[in-house]
Amino acid sequence: MKLAMKYIILYVNDFEKTIHFYRDILALPIKMEQGTYVEFDTGATTLSINTRASVQEEIGLDVPEAHVKSQTFEIGFVVDDVEATIESLRNQGVPIIKEPTKKPWGQIVAYVADPDGHFIEICTAID
C-alpha cells in the first residue's frame with residue numbers, strides 16, 4: 001500500500017472568520033469552494049476547511065460542536081523570515097501562541113492560532 005498526503009481538512013465553527021483568516025490574512029488562494037467546504041492552494045498538500053455542522057449533517061461524522069481547548073495536532077507553513085511573518089500576523093490581530101525560537105537543529109519556529117484555535121507552526125525550512 002502506498003499512501004500520499006493530498007489534503008488536510010479542518011473542522012471550524014465560524015466559516016466567515018476562518019475564510020477571512022486563511023484567504024485574507026495568510027493570503028492562501030482558494031482552489032475550490034462548494035458551500036461550506038473550501039480548499040486552499042498551499043503547494044503539494046491542499047488545506048481544506050468545512051464547518052462542524054456540515055460535517056455532522058452531510059457526512060455523519062461525530063465531531064464535537066465546539067473546539068477543544070487542548071489541541072492534538074498542528075499544521076505548519078515554511079517561510080523565509082519567521083520573525084517578519086509573525087510581526088505581520090501580530091499587526092493583523094492574530095494570536096501569537098509562541099514567539100519565534102531557534103531550535104537546537106537551527107530551525108526558527110513560532111506558533112499562531114486560527115479562529116478555531118488550531119495551532120499553526122510558522123517555521124523556516126530544515127536544512
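Placed above this text is the structure.
Now for a description of the structure that goes with this document. (Residues numbered from 1 in each chain as written. Predicted model: local features only at pLDDT ≥ 70, side-chain atom pairs only at ≥ 80, totals over all residues. Heavy atoms only, no water.)

1. A few points about the overall build of the protein chain
So, point 1. A tally of regular secondary structure across the protein chain gives 3 helices and 8 strands.
So, point 2. The secondary structure elements of the protein chain, listed N-terminal to C-terminal, are β-α-β-β-β-α-β-α-β-β-β.
So, point 3. Per-residue burial over the protein chain gives 36% buried out of 127 residues.
So, point 4. Residue pairs in contact within the protein chain that sit at least 24 positions apart in sequence constitute 50% of those at least 6 positions apart.
So, point 5. Summing over all exposed atoms, the protein chain offers an accessible surface of approximately 7900 Å²; the carbon and sulfur share of this is 53%. (Helix = DSSP H or I, 4+ residues; strand = E, 2+ residues; numbered from the N terminus. Buried < 20%, exposed > 50% of the residue type's maximum accessible area, 1.4 Å probe, protein only. Contact = heavy atoms within 4.5 Å. Areas by Shrake-Rupley, 256 points an atom, 1.4 Å probe, with all protein chains shown as cover.)

2. Some points on the pairing of strand β3 (residues 37-40)
So, point 1. Residues Y37 and E39 point to one face of β3 and V38 and F40 to the other, with burial holding for every one of them.
So, point 2. With 4 bridges connecting them, strand β2 (residues 30-34) and β3 associate as antiparallel partners. In the sheet register, I30 faces β3, and the bridge partner there is F40.
So, point 3. Between β2 and β3, which pair antiparallel in sequence order, lie 2 residues; one of them, G35, sits at a positive phi of approximately 65°.
So, point 4. As paired elements, β3 and strand β4 (residues 46-51) share 3 bridges and run antiparallel to each other. Considered in β4, the bridge of V38 is made with I49.
So, point 5. Once β3 ends, the chain turns through 5 residues before running back antiparallel as β4, passing G43 with a positive phi of about 110°. (Pairing = 2+ DSSP bridges.)

3. Considering the packing of aromatic side chains
So, point 1. If you walk through the whole model with that rule in mind, you get 2 aromatic pairs.
So, point 2. An angle of 90° between the planes, with centres 4.8 Å apart, marks the rings of F21 and Y22 as edge-to-face.
So, point 3. On the accessibility criterion, F21 (4% relative accessible area) is buried.
So, point 4. An angle of 40° between the planes, with centres 5.8 Å apart, marks the rings of Y22 and F40 as tilted. Of the two residues, Y22 sits in helix α1 (residues 15-25) while F40 sits in strand β3, which places them 18 residues apart along the sequence.
So, point 5. Among the residues examined, Y22 registers a relative accessible area of 0% and is labelled buried.
So, point 6. In this structure F40 comes out as buried when scored by relative accessible area, which is 0%.
So, point 7. The structure contains a cluster of three or more aromatic residues connected by ring pairs, namely F21, Y22 and F40. (Phe/Tyr/Trp six-rings, centres within 6.5 Å; stacked < 30°, edge-to-face > 60°.)

Keep in mind these values describe shape, not function.
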